[in-house]
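# Residue-level structural notes
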Amino acid sequence: MKKIVLLISFSIFYLIPDKTWSKTGLVTQKAMVVSAREEASKIGVEIMKKGGNAFDAMVATELALAVAYPYAGNIGGGGFMVFRKAKGETGTLDFREKAPLAAKKDMYLDKNGNVIPNLSVDGALAIGVPGTIAGVFAVHEKLGKLSMAEIMKPIIALAKKGLEITKKEAKTLQNYHAILVKVNGEKTLLAQNYKAGDTLKYPALAETLMRILKNGKDEFYKGETAKKMVDFVQKKGGIISLKDLANYEVKWREPVIFHYKDLKIISMSPPSSGGMTLEQIMKMIEPYPISKFGHNSVKTIQVVTEAERRAYADRNYFLGDPDFIKIPRNELLDKNYLKQRMQSFDWNKATPSSEVSHGVISASESNETTHFSIVDADGNAVSVTTTLNGAYGSKLYSDELGFFSTTKWMILVPNLELQIPMV
């Protein structure tokens, strides 16, 4: 029987009892939630204990991270979800943020055509149309069991009660203090001088979540919250409109599925680059006896690095949003092509990236994305990556609504405008 693997990121574990520790890692007979914050994982588990499934727990964990982990958790951003149901059905959901209709390819350039530093990442003009609320409601409608009231009740309670600031969070807020003040002013909630152990409450976010619970998804995209959001962003110089919000739609997409030896891997399809890039890497290293080389041995690290070097060069050049460009999937995953890509690999030296690239680009990627994974007692499995792109997104925080807005994450190419989420 083929093994099924969902790509996951391990940080904090909360289990429904019956756990076993061994050299193979964490094993539990019933269910588990893995997320970046203890509070979010606890809420996800509690939802399953109440009779909810992994998809109910996904909604709960996603929204709980917006309260407990504003660094990357969000209702003002977006994400990707990969799932495998207990009986084998697989699928993915794209609820990434989108560029506003008024976005233009030269919007971050000065009159001489030069990039204006940080304009695309900090402040109101960097903001995209959020997808998270549409995403969780789509998941709940299609796959959930419990009512939204049962799911959202503990999250609203958490926002009202507040949570203790960790040492790491206190340090992060300190590191970003200057930019948060620059964008929002000295009185904004997260620009205060918090210390580890302080309690941080989110009453405005609680009010926003209560309106969403009462009025559904339309509250965020067409209702009072939408109007307040657009008014706030436009006053700060942004270009999001009510039409942008009203027109937002999630997309259910087919996953990237491939085999690596005896493993079956299910991952996200474009516009995420993750699935195809991983498939390229795994196919390029498959001919090598990795198990004989040993975990983290020099040879293992070398061959994996060289495969990654080539796959990421292809990723940066060929991959994008399939709604806007045609991705040469078959060609990039062709056995002969991948073999040819590795022909220049030499055990005696590293391959210069310039020799395998398709051109020179100037770009940097942030590491402020968070991931959570859930498996329920029935065997449903969910893997979600959610993000504001940079730390605290655009850094623009609405004290009236209680959340940060994401950056658009647009890559501007001469004579071509693409929206390319690259998580």
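Residues numbered from 1 in each chain as written. Predicted model: local features only at pLDDT ≥ 70, side-chain atom pairs only at ≥ 80, totals over all residues. Heavy atoms only, no water.

## What to know about the overall build of the chain
Assigned secondary structure in the chain consists of 16 helices and 18 strands. Across the 423 residues of the chain, 52% fall into the buried class. Entry remark: accessible area of the chain is about 20,500 Å², with carbon and sulfur atoms responsible for 52%. (Helix = DSSP H or I, 4+ residues; strand = E, 2+ residues; numbered from the N terminus. Buried < 20%, exposed > 50% of the residue type's maximum accessible area, 1.4 Å probe, protein only. Areas by Shrake-Rupley, 256 points an atom, 1.4 Å probe, with all protein chains shown as cover.)

## So, helix α2 (residues 54–68)
Three or four residues apart is the spacing at which side chains of an α-helix point the same way, because the helix has 3.6 residues per turn. Between its terminal C-alpha atoms α2 stretches 20 Å, which fits the 21 Å expected from 15 residues at 1.5 Å a residue. Of all the 15 residues making up α2, 15 are buried; the element is thus mostly covered by neighbouring parts of the structure. (Expected span 1.5 Å × (residues − 1).)

## Structural notes on the nonpolar core
Residues Met58, Val67, Met81, Tyr202, Ile374 and Val382 are the most contacted members of the largest nonpolar core, which totals 84 residues. Once you skip the residues sitting within four places of it in the chain, Ile374 turns out to touch Met32, Val33, Met48, Ala54, Ala57, Met58, Thr61, Asn380, Ala381 and Val382. Grouped together as the second largest cluster of nonpolar side chains are 21 residues, Phe258, Ile281, Val303 and Leu332 included. (Core = buried A, V, L, I, M, F, W, Y, C linked by side-chain atoms within 4.5 Å. Contact = heavy atoms within 4.5 Å.)

## So, the pattern of salt bridges
Summed over all chains, the structure comprises 19 salt bridges. Between Asp323 and Arg253 there is a salt bridge, with its nearest N and O atoms 3.1 Å apart. Note that Asp323 is positioned in the loop between α13 (298–318) and α14 (329–332) and Arg253 in strand β10 (residues 251–253), a separation of 70 residues in sequence. Within the structure, one salt-bridge network assembled from shared partners comprises Asp94, Lys251, Arg253 and Asp323. (Salt bridge = Lys/Arg side-chain N within 4 Å of Asp/Glu carboxyl O.)

## Let's talk about the confidence of the model for the chain
Predicted coordinates in areas of low pLDDT are best not read in detail. In this model, the chain carries a mean pLDDT of 89, and residues with pLDDT of at least 70 account for 87%. A low-confidence stretch, residues 18–22 (pLDDT under 50), is modelled with nine contacts involving residues beyond four sequence positions or located in other chains. Below pLDDT 50 for its whole length, residues 409–423 participates in 46 contacts with residues either more than four positions away or in separate chains. (pLDDT = per-residue confidence, 0-100.)

## Here's the deal with the packing of helix α4 (residues 148–161) against helix α7 (residues 203–215)
At a minimum axis separation of 8 Å, α4 and α7 run at an interaxial angle of 165°. Put simply, α4 runs roughly antiparallel to α7. Between α4 and α7 the crossing geometry is left-handed. Across the interface between the two elements, Met148, Ala149, Met152, Ile155, Ile156, Ala159 and Lys160 from α4 touch Pro203, Ala206, Leu209, Met210, Ile212 and Leu213 from α7. Looking at the contact of α4 with α7 residue by residue, the classes come out as 12 nonpolar, no polar and one charged. (Axes fitted to C-alpha atoms, helices over the stretch in contact; angles between N-to-C directions. Parallel < 35°, antiparallel > 145°, perpendicular 65-115°, else oblique. Left-handed = near helix turned anticlockwise from the far one by under 90°. Nonpolar A, V, L, I, M, F, W, Y, C, P; charged D, E, K, R; others polar.)

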